[in-house]
Amino acid sequence: MQHKEVIDIIKNSTNIAIVTHESPDGDAIGSSTAMYLILKKLNKEADLIIKEYSNVFNVVNILSESIREPRNIKYDLVIVVDSAKIERVNEADIIKKAKNVINIDHHISNNLFGTYNIVEGGSPACCQVLISLFKDLGIAIDKEIATSLLVGIITDTNGFRNQSTNKETLIDVANMLDLGVNLSEIYMKVLSTNTLSQFELKKIADNRLEFFKNGKIAFTYITEEDKRRVNAQIGDHEGIVDVGRCIEGVEVSIFLHEKDGMYKVSLRSNSYVNVSEIGLMFNGGGHFYASGFVSNLDLLDLKNKLIEEVAKRL
Ligand SMILES: [Mn+2]
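Just so it is clear, the model here is predicted, and its values are computed rather than measured.

## Some points on the environment of K99
- Along the chain, K99 turns up in the loop between α4 (92-97) and β4 (100-105).
- Sequence spacing of K99 and S109 is 10 residues, and the spatial spacing of their C-alpha atoms is 24 Å.
- Ignoring any residue separated from it by four or fewer positions in sequence, one finds K99 in contact with K74, D76 and L77.

Laid out in structure tokens, this is it:
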């Protein structure tokens with residue numbers, strides 16, 4: 001997709017909304033706020049719609065003050081960031097009603113639901129996809145925008161550790177340092193600091209960690225009851241799936257997290273298992289090394305099915 005067409009649509013739209021996927025992670029928050037700030041530079045006040053988010057993302061200063069309720073109108077343009085499909089977005093109805101939809105994403109499973117799609121499957125973060133769009137828009141990134149972009153890049157690359165991290169990522173980040181962003185502070189806040197409830201939740205998951213297939217599969221879970229017990233806040237389960245993934249010999253880490261009576265499944269692989277295939281089988285999606293889906297199977301059934309599917313690919 002050529003950026004030019006997308007740029008014209010942005011410039012010619014008045015009522016614009018920015019939306020992202022439910023349970024927004026750092027890349028969802030970073031992409032939405034970076035897009036919001038870029039539009040501001042174009043003298044466009046977009047409705048930034050984010051239903052809920054973890055406090056750690058307040059490292060993006062403008063976040064809380066910029067969020068709006070969706071208006072009951074037909075938007076000229078809805079920009080959807082970091083979302084593989086409409087069903088993952090809380091505000092699916094405003095997307096469906098909109099005159100134009102720009103879908104900006106990096107999931108290989110993205111089903112190109114937009115009127116215009118800028119989808120770079122395999123790119124380490126939606127924020128990285130945005131950087132090249134912003135360059136073509138001819139608007140210089142400032143410190144505030146760079147902070148948003150870094151939140152996305154740091155979280156989605158897991159601190160530059162994921163396989164998807166590439167030369168471009170590091171060059172983009174190096175360039176942002178010239179703008180005075182505090183890389184170490186952002187890194188600490190979004191990736192290295194645990195809230196107390198997050199720590200307690202992780203302890204529960206650590207204690208339940210089991211290994212299968214000669215230690216190649218790691219499995220753990222947390223329930224609604226666990227979350228109540230530690231008074232967990234939104235986002236407190238983030239990062240738990242990486243505990244299993246970082247143990248020597250593990251190829252795939254499986255983490256189940258109960259929410260609203262269903263299980264949200266996170267899968268992470270280290271080198272050769274394409275977990276996006278498994279995500280797709282269960283109507284979810286993702287990337288080669290990271291994918292997820294939601295299931296209404298019970299814990300034991302889900303666990304067995306997942307171990308079976310992963311084992312086929314070992
Ligand atoms: Mn992402």
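There is more to say after this.
## Some details on the packing of helix α2 (residues 26-41) against helix α5 (residues 126-137)
- The geometry of α2 relative to α5 is characterised by a closest axis approach of 9 Å and an angle of 15 degrees between their N-to-C directions. Relative to α5, the element α2 lies roughly parallel. For the element pair α2 and α5, the recorded crossing hand is left-handed. In this structure, α2 uses D27, G30, S31, A34, M35 and I38 to contact α5, whose residues at the interface are C126, C127, L130, F134 and L137.
- Tallied by class, the residues present in the contact of α2 with α5 amount to eight nonpolar, two polar and one charged.

## A few points about the environment of G114
- Position of G114 relative to the elements: it lies in the loop between β4 and β5 (116-119).
- For the pair G114 and S13, spaced 101 residues apart in sequence, the C-alpha separation works out to 16 Å.

## Describing the sheet that holds strand β7 (residues 217-222)
- Here six strands make up an open sheet; going across it, the order is β6-β7-β8-β9-β11-β10 and the pairing mixed. Bordering the open sheet on either side are β6 (210-212) and β10 (285-286), each of which pairs with just one other strand.
- Bridge analysis of strand β9 (residues 262-269) against strand β11 (residues 290-295) gives six bridges, and the strand direction is antiparallel. Bridged to V265 within β11 is F293.
- Running at roughly 135 degrees to β7, helix α9 (residues 196-208) makes contact with β6 and β7 of the sheet.

## Focus: the domain arrangement of the protein
- Under the domain assignment used here, the protein contains domain 1 (3-191) and domain 2 (196-312).
- A separation of 26 Å is found between the C-alpha centroids of domain 1 and domain 2.
- Counting residues at the interface gives 12 residues for domain 1 and 13 residues for domain 2.
- Taken together, the residues that form the side of domain 1 that touches domain 2 break down as four nonpolar, six polar and two charged.

## With respect to the sheet that holds strand β2 (residues 47-48)
- Taking strand neighbours across the sheet as the criterion, the five strands line up as β2-β1-β3-β4-β5 in an open arrangement whose pairing is parallel. Since the sheet does not close on itself, it has two edges, and those belong to β2 and β5, each with one partner.
- Summarising the sheet, β4 and β5 pair through four bridges and their orientation is parallel. By the bridge assignment for β5, I104 is matched with I118.
- Contacting β3 (77-81), β4 and β5, helix α1 (residues 3-11) crosses the sheet at an angle of about 125 degrees to β5.
- Across the sheet, α2 touches β1 (16-20), β2 and β3, and the angle it forms with β1 is around 165 degrees.

## Here's the deal with helix α13 (residues 299-312)
- The end-to-end C-alpha distance of α13 is 20 Å, a good match for the 20 Å that 14 residues give at a rise of 1.5 Å each.
- Buried-residue contacts for α13 involve β7, β8 (252-259), β9 and α12 (275-281).

## Quick notes on the nonpolar core
- Counting 61 residues, the largest nonpolar core has I18, V78, I79, L130, L149 and L150 as its most contacted members.
- Broken down by element, the residue count for this core peaks at eight residues, all from α2.
- Core analysis: the second largest hydrophobic core is formed by 24 residues, V250, V265, I278 and V310 among them.

## Re the pairing of β8
- Most of β8 sits inside the fold, with six of its eight residues counted as buried.
- As defined by bridge partners, β7 adjoins β8 across six bridges and the pair is classed as parallel. Across the sheet, T220 pairs through a bridge with F255, a residue of β8.
- Here β8 runs beside β9; their pairing, made up of eight bridges, is antiparallel. Bridged to S253 within β9 is R268.
- Taking the residues between adjacent antiparallel strands as the criterion, β8 and β9 are bridged by two residues, where D260 takes a positive phi near 50 degrees.

Conventions adopted
- Per chain, residues are indexed from 1 in the order of the written sequence.
- Totals for whole chains, interfaces and linings use every residue, but because this is a predicted model, local features are given only for residues with pLDDT of at least 70 and side-chain atom pairs only at 80 or more, for both listing and counting.
- The secondary structure listing takes helices from DSSP runs of H or I that are at least 4 residues long and strands from runs of E that are at least 2 residues long, numbered from the N terminus.
- By definition, residues are in contact whenever their C-beta atoms, placed on the basis of the backbone, come within 7 Å of each other.
- Only C-alpha atoms enter the line fits that serve as axes; for helices the fit covers just the stretch in contact. Angles between N-to-C directions range over 0 to 180 degrees.
- Angle categories: roughly parallel below 35 degrees, roughly antiparallel above 145, roughly perpendicular from 65 to 115, and oblique for all the rest.
- Crossing handedness follows the turn of the near helix against the far one: under a right angle anticlockwise gives a left-handed crossing, and clockwise gives a right-handed one.
- Amino acid classes used here: Ala, Val, Leu, Ile, Met, Phe, Trp, Tyr, Cys and Pro are nonpolar; Asp, Glu, Lys and Arg are charged; the rest, including Gly, are polar.
- Pairing between strands is defined by DSSP: at least two bridges between them are needed.
- In this document the domain limits rely on a domain assignment from an automatic tool or a database.
- Expected helix span is taken as 1.5 Å per residue step, with the number of steps being one fewer than the number of residues.
- Linking buried Ala, Val, Leu, Ile, Met, Phe, Trp, Tyr and Cys residues through C-beta atoms within 7 Å yields a set, and such a set is a nonpolar core.
- To assign burial, the other C-beta atoms lying within 10 Å of each residue's own C-beta are counted, with C-beta atoms placed from the backbone; 20 or more indicates buried, 12 or fewer indicates exposed, and intermediate counts indicate partly exposed.

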